[in-house]
Amino acid sequence: MPRHQLIQLKTPAQIDKMRAAGLVVAAALARMREAVAPGVSTADLDALAESVIREAGAVPSFKGYHGYPASICSSVNEQVVHAIPSPRQVLREGDLISIDCGAVLDGWHGDAAITVPVGEVRPELLRMAEVAEDAMWAGIAAAARGSASGRGRLTDISFAVEAAVRRSGGRYGIVDGYGGHGIGTEMHQDPHVLNHGRPGRGPRLVPGLALAIEPMITIGSPKTKELDDGWTVVTRDGSVAAHVEHSMALLDDGVWVLTAPDGGRKRLGSLVTARQPAPA
């Protein structure tokens, strides 16, 4: 039988604090996106992220987490997730890098990831990254609609992510064993959010629920292995992967994408809470 899940529901005031942490993460990711280029090392990106986070009065939530030694995860090409930044890993033209970043501010966490091309990248890899992004937003939209209807269940998100990947027309592998999670006063909380599955199962989608939604897909087999460093996860067949993530919270009047500068307004429109002002 599945273990009992301890799900932390947040008040609107607590979600405001999470939004502040989410904007720190968004700022760090924006700076790293600009910095990605051939010749830049993943250690360079890590130093940049830590500087942005600490200048905002926050703390990198990854650094020291179960002994993790850096402020970001910088996964290049066949590396799926949790790759440790290194001065020896220098980006090259045609690489695809997934950058995962977290920050804690006033005791509340933000967590997000982006996949970024390095210079000119093969069109099929760019398309895979786009599919992962679309699938993430489909999952977030499903959460918002499920909460609004009062009938939504956790696996509605999983189903929406998988359906978006399958509808894309590509034969992408959806990585199993890794996925989204609850987030709040800890970086990882219940519930675990799979990126595939049947809808209508699991805990109800209700206001106060905060989740990180993070699809990971590959251009080949979804099978992975962990390297001897105890962190880096790579594809078994060497195929390139993409990983994207946003932290979001459900409120009485909609969803708030806490790590998106616009709160998700561009992608989700009227599904977004009024706490995120519409652009002037």
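Residues numbered from 1 in each chain as written. Predicted model: local features only at pLDDT ≥ 70, side-chain atom pairs only at ≥ 80, totals over all residues. Heavy atoms only, no water.

What to know about the overall build of the protein
Okay, so step 1: Summing up its helical and strand segments, the protein has five helices and 15 strands in all.
Okay, so step 2: Expressed as lengths along the three principal axes of its C-alpha atoms, the size of the protein is roughly 50 × 45 × 40 Å.
Okay, so step 3: Here the protein holds 280 residues, and 55% of them are scored as buried.
Okay, so step 4: About 12100 Å² of surface is accessible on the protein, with carbon and sulfur atoms providing 53% of the total.
Okay, so step 5: Looking at the protein, you have 28 positive and 31 negative side-chain charges, and the mean spots of the two groups are 7 Å apart. (Helix = DSSP H or I, 4+ residues; strand = E, 2+ residues; numbered from the N terminus. Buried < 20%, exposed > 50% of the residue type's maximum accessible area, 1.4 Å probe, protein only. Areas by Shrake-Rupley, 256 points an atom, 1.4 Å probe, with all protein chains shown as cover. Lys, Arg positive; Asp, Glu negative; His and termini not counted. Charge placed at Lys NZ, Arg CZ, Asp CG, Glu CD.)

Quick look at the side chain of Ser86
Okay, so step 1: Counting through the fold element by element, Ser86 comes out in the loop between strand 3 (79-81) and strand 4 (96-105).
Okay, so step 2: Polar contacts involving the side chain of Ser86 include one to the main-chain amide nitrogen of Arg88, which spans 3.0 Å.
Okay, so step 3: Setting aside residues up to four positions removed in sequence, Ser86 forms contacts with Ser41, Thr42 and Ala43. (Polar contact = N/O pair within 3.5 Å; in protein donor to acceptor, adjacent residues only side chain to side chain. Contact = heavy atoms within 4.5 Å.)

With respect to the packing of helix 3 (residues 123-149) against helix 4 (residues 154-167)
Okay, so step 1: At their nearest, the axes of helix 3 and helix 4 sit 8 Å apart, and the two run at 150° to each other. On the basis of the axis angle, helix 3 is roughly antiparallel to helix 4. As helix 3 runs across helix 4, the sense of the crossing is right-handed. Along the contact surface, helix 3 presents Val131, Ala135, Ala138, Gly139, Ala142 and Ala143, while helix 4 presents Asp156, Ile157, Ala160, Val161, Ala164 and Val165. (Axes fitted to C-alpha atoms, helices over the stretch in contact; angles between N-to-C directions. Parallel < 35°, antiparallel > 145°, perpendicular 65-115°, else oblique. Left-handed = near helix turned anticlockwise from the far one by under 90°.)

A look at unusual backbone geometry
Okay, so step 1: The residue after Asp190, namely Pro191, is reached through a cis peptide bond having omega 0°.
Okay, so step 2: Topologically, Pro191 is positioned in strand 8 (residues 189-193).
Okay, so step 3: Despite not being glycine, Asp106 has its phi angle at roughly 50°, a positive value.
Okay, so step 4: Assignment of secondary structure puts Asp106 in the loop between strand 4 and strand 5 (108-117).
Okay, so step 5: Classification of Asp106 as exposed rests on a relative accessible area of 61%.

Thoughts on the UniProt feature "domain: Peptidase M24" (unreviewed entry) in the protein
Okay, so step 1: Within the UniProt annotation, "domain: Peptidase M24" (unreviewed entry) is assigned to residues 16-247.
Okay, so step 2: Within residues 16-247, the helical portion is 32% and the strand portion 25%, while the C-alpha atoms at the span's ends are 13 Å from each other. (UniProt positions renumbered as here; feature names shortened; annotations may be inferred.)

A word on the sheet that holds strand 9 (residues 210-213)
Okay, so step 1: Pairing within the open sheet is antiparallel, and its five strands lie in the order 8-7-9-14-15. Every other strand in the sheet has two partners, leaving strand 8 and strand 15 (254-257) as the edge strands with one partner each. Across the sheet, the mean angle separating the axes of adjacent strands is 25° when strand polarity is ignored.
Okay, so step 2: In this sheet, strand 14 (residues 246-251) lies alongside strand 9 in antiparallel orientation, the contact comprising four bridges. Bridged to Ile213 within strand 14 is His246.
Okay, so step 3: Against the sheet, helix 3 makes contact with strand 9, strand 14 and strand 15, and its axis sits at roughly 10° relative to strand 14, the strand it touches most. (Pairing = 2+ DSSP bridges.)

Description of the environment of Val233
Okay, so step 1: Relative to the elements of secondary structure, Val233 occurs in strand 12 (residues 233-235).
Okay, so step 2: For Val233, a relative accessible area of 0% translates into the label buried.
Okay, so step 3: Placed 177 residues apart in sequence, Val233 and Ala56 show a C-alpha to C-alpha distance of 30 Å.
Okay, so step 4: Those residues in contact with Val233 that lie beyond four places of it in its chain are Glu78, Gln79, Val80, Val81, His82, Tyr178, Thr224, Lys225 and Glu226.

With respect to the nonpolar core
One recurring pattern in soluble globular proteins: nonpolar side chains tend to sit buried together.
Okay, so step 1: In terms of nonpolar packing, the biggest core is built from 37 residues, with Met128, Ile140, Ile157, Ile213, Ile217 and Leu268 touching the most fellow members.
Okay, so step 2: Those elements that place two or more of their residues in this core are helix 3, helix 4, strand 9, strand 14 and strand 15.
Okay, so step 3: For this core, the element with the most residues is helix 3, which contributes 11 residues.
Okay, so step 4: Once you skip the residues sitting within four places of it in the chain, Ile217 turns out to touch Met128, Val131, Ala132, Val165, Tyr172, Gly173, Ile174, Val240, Ala241 and Ala242. (Core = buried A, V, L, I, M, F, W, Y, C linked by side-chain atoms within 4.5 Å.)

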